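Residue strings, one per chain:
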Amino acid sequence: QVQLVESGGGLVQPGGSLRLSCTASGFSLDYNVIGWFRQAPGKEREGVSCINRSDGKTYYADSVKGRFTISRDNAKSTAYLQMNSLKPEDTAVYYCATARRHYCSTYGSEYDYWGQGTQVTVSS
């Protein structure tokens, strides 16, 4: 079965770091772009970051530039989101998503598969 599973979320103090993982099963990420999205309670889903297929170019929302880094390891069918200097406003459920396309999109409708989400809470 096709499945994406996120992990690595948790509770962290402001200024702390977390590394999220997204692992695919039932298919390979080799041919796909990978995006990270987040959704806070009562707010719309927000595109956070994306990494292209093949060329590895990355894109970030203005709110996370300089703090978050997306990467991928196709051999492990896994994508990562390294989150540093976390702020309370980063609190959300984080989702990974993937699509069989070359280049990133900020629109969630362009993505074919979604993980179940992992909670990130930034609080002192």
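For the structure given in this document, a descriptive report is provided here. Computed from a predicted structure; not experimentally measured.

The rules behind each value
Each chain has its residues counted from 1, following the order in which its sequence is written. In keeping with the model being predicted, local features are shown solely for residues with a pLDDT of at least 70 and side-chain atom pairs are shown and tallied solely at 80 or more, while totals for entire chains, interfaces and linings include all residues. The basis for every side-chain value is the complete set of heavy atoms in the structure, and neither hydrogens nor water enter the calculation. Partly exposed describes any residue whose relative accessible area lies between the buried limit of under 20% and the exposed limit of over 50%, with all areas from a 1.4 Å probe on protein chains only and scaled to the type maximum. Each helix is a run of H or I in the DSSP string that is no shorter than four residues. Each strand is a run of E no shorter than two, and both are numbered from the N terminus. Strand pairing follows a simple DSSP-based rule, namely that at least 2 bridges must link the two strands. Within this scheme, the nonpolar core is defined by two criteria: the residues are buried Ala, Val, Leu, Ile, Met, Phe, Trp, Tyr or Cys, and they are joined through side-chain atoms within 4.5 Å. Contact criterion: two residues are considered in contact whenever any of their non-hydrogen atoms come within 4.5 Å of each other. Only C-alpha atoms enter the line fits that serve as axes; for helices the fit covers just the stretch in contact. Angles between N-to-C directions range over 0 to 180 degrees. Between Lys or Arg on one side and Asp or Glu on the other, a salt bridge is scored when a side-chain nitrogen of the former is within 4 Å of a carboxyl oxygen of the latter.

Below, the discussion takes up the pairing of strand 9 (residues 92-99). Across the eight residues of strand 9, six count as buried, placing the element largely inside the fold. The sheet contact formed by strand 4 (residues 33-39) and strand 9 spans seven bridges and is antiparallel. When the sheet's bridge partners are listed, phenylalanine 37 is paired in strand 9 with tyrosine 95. In this structure, strand 9 lies alongside strand 11 (residues 118-122), joined through three bridges in antiparallel fashion. Within strand 11, the residue paired with valine 93 across the bridge is glutamine 119.

Further remarks concern the nonpolar core. Of all hydrophobic cores here, the largest spans 26 residues; its most connected members are Trp36, Phe68, Leu81, Met83 and Tyr94. Elements with a minimum of two residues in this core: strand 3 (18-25), strand 4, strand 5 (46-51), strand 7 (68-73), strand 8 (78-83), strand 9 and strand 11. Here the element with the most residues in this core is strand 3; it accounts for four residues. Setting aside its immediate chain neighbours within four residues, phenylalanine 68 contacts Arg38, Val48, Tyr60, Leu81, Gln82, Met83, Asn84, Leu86, Asp90 and Tyr94.

Spatial strand order, 1-3-8-7: four strands in an open sheet with antiparallel pairing. Two strands close off the open sheet at either side, each with one partner strand: strand 1 (3-7) and strand 7. Pairs of neighbouring strands in the sheet enclose a mean axial angle of 15°, with direction left out of account. Note: strand 7 against strand 8, six bridges, orientation antiparallel. Paired with isoleucine 70 across the strands is leucine 81, a residue of strand 8.

Turning next to the pattern of salt bridges. Evaluated as defined, the whole model comprises five salt bridges. Between glutamate 46 and arginine 38 there is a salt bridge, with the nearest N and O atoms lying 2.9 Å from each other. Here glutamate 46 falls in the partly exposed class, since its relative accessible area comes to 29%. For arginine 38, a relative accessible area of 6% puts it in the buried group. Salt-bridge contacts for aspartate 90 lead to arginine 67; the nearest nitrogen and oxygen are separated by 2.7 Å. Here the residue aspartate 90 occupies a position in the loop between strand 8 and strand 9, and arginine 67 occupies one in the loop between strand 6 (58-60) and strand 7, the gap between them amounting to 23 residues. Taken individually, aspartate 90 and arginine 67 each receive the classification buried, so the pair is uniform in this respect. The network of salt bridges with shared partners includes Arg38, Glu46, Arg67 and Asp90.

Such coordinate-based values are descriptive only and should not be taken to indicate function.
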